[in-house]
Amino acid sequence: MIGAAALTGCQRAPETVTREWLIFTTLLRVTLSARDRDTAAELCKEVHQQLLATGPDLYGFDAGELGSANTLLADGNSPQLSPRLARILRDAEQWRRRSAYRFDPAVGGLIALWGLDDLIDAEVARLPDAQQLEQALDARASGYALSERGILSAGNPPPIIDLGAIAKGVLLGEVMDMLQDSPCQRGLIDLGGDIGVRANSPDETFRIAVANPSGARQEIA
């Protein structure tokens, strides 16, 4: 009994590491606890690397998977999606219908018209003319469809599919799933305001401050 008590007393408390990166034009802040600082730091790095590897495929205006699919749709083709992107689009379709199309991934053409599709260029948003706006609305109305085999097709004119409204939440969920099988003992990840937490038990709580919406220099905890 004395030996067991001594062993328990020598157990080290988890060590916590915080890392920050600018990613997808937003701030990623990762705070993870593990058995030692090196392990916690390596886990923070893995979170960052996973986001860098998987995030671009959900961006509809570049060379990632969704951007390439949009290019193929514009050329009249029907691309075969990966199981991951097909699943995300099916989930998005459920929210699309439940929101009575207030949430609609087919609005990518409208986003591009206002100049909000470029993650790097700091160009001031522009006001589209009436004809461009009508064309983008027509493309949104034509819609798209995803077959059971993951083949994406679109109407004419084809819309540009954009997942910006849910992409960060999807990526954060994937990161939290990754941490489930890792040495992480406790953690909080803030991806531009989308927050995920990992606790030791269901009874553990986290205290998260948010900015005061009144603009006062005060946090609400």
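Relevant structure appears above.
K.L.:
An account of the overall build of the protein is needed here, citing residue identities and associated values.
P.N.:
Looking only at helices and strands, one finds seven helices and eight strands in the protein. A buried classification covers 33% of the 221 residues belonging to the protein. If you take every contact in the protein between residues at least 6 apart in sequence, the share linking residues at least 24 apart comes to 51%. For the protein, the computed accessible surface area is about 13,500 Å², with 53% contributed by carbon and sulfur atoms.

K.L.:
Talk me through the side chain of H48; I want residue IDs and the actual numbers.
P.N.:
Position of H48 relative to the elements: it lies in helix 2 (residues 37–54). Exposure remark for H48: the relative accessible area of 14% places this residue in the buried category. If we ignore the near neighbours within four places in the chain, the residues touching H48 are W21, I23 and L28.

K.L.:
I'd love a proper account of the pattern of salt bridges, names of residues and values included.
P.N.:
Scanning all chains against the criterion turns up nine salt bridges. Where R35 meets D36, a salt bridge forms, and the shortest distance between an N and an O atom there is 3.7 Å. D36 sits in the partly exposed class, given a relative accessible area of 24%. One salt bridge connects R84 with E174, and the closest N-O pair in it is separated by 2.9 Å. Placement of the pair is R84 in helix 4 (residues 83–98) and E174 in helix 7 (residues 167–180), with a sequence separation of 90 residues. According to the relative accessible area criterion, R84 is partly exposed, its value standing at 21%. Classification of E174 by relative accessible area gives buried; the value is 16%.

K.L.:
I'd like a rundown of helix 6 (residues 130–142), residues and numbers included.
P.N.:
The terminal C-alpha atoms of helix 6 lie 18 Å apart, and with 13 residues this matches the ideal 18 Å at 1.5 Å per residue to within 8%. Where helix 6 starts, the residue carrying a side-chain oxygen 3.1 Å from the main-chain nitrogen of Q131 turns out to be D129. Positive backbone phi, at 70 degrees, marks G143, one or two positions downstream of helix 6.

K.L.:
Explain helix 2 residue by residue, including any values.
P.N.:
The first and last C-alpha atoms of helix 2 sit 26 Å apart over 18 residues, in line with the 26 Å expected at 1.5 Å per residue. Considered for burial, the residues of helix 2 that qualify are T39, A40, L43, C44, V47, H48 and L51.

Conventions we followed
Each chain carries its own residue numbering, running from 1 in the direction its sequence is written. Local features in this predicted model are restricted to residues of pLDDT 70 or higher, and side-chain atom pairs are both shown and tallied only at a pLDDT of 80 or more, whereas totals for entire chains, interfaces and linings draw on every residue. Hydrogens and water are ignored here; the side-chain numbers use all heavy atoms of the structure. A run of DSSP states H or I qualifies as a helix once it reaches four residues; a run of E qualifies as a strand once it reaches two. Both are numbered from the N-terminal end. Only protein chains enter the accessibility calculation, which uses a 1.4 Å probe; a residue whose area is less than 20% of its type maximum is buried, one above 50% is exposed, and one in between is partly exposed. In this analysis, two residues are considered to be in contact whenever any of their non-hydrogen atoms come within 4.5 Å of each other. Exposure was quantified through the Shrake-Rupley algorithm and a 1.4 Å probe, taking into account, for residues, occlusion by the shown protein chains and nothing else. Salt bridge, as applied in this entry: a Lys or Arg side-chain nitrogen positioned within 4 Å of an Asp or Glu carboxyl oxygen. Expected helix span is computed as 1.5 Å times (number of residues minus one). Pairs of N or O atoms within 3.5 Å make up the polar contacts considered here, provided that, within protein, one atom can donate a hydrogen while the other can accept it, and that residues adjacent in sequence are counted only when both atoms are side-chain atoms.

What is shown is where atoms sit, not what they do.
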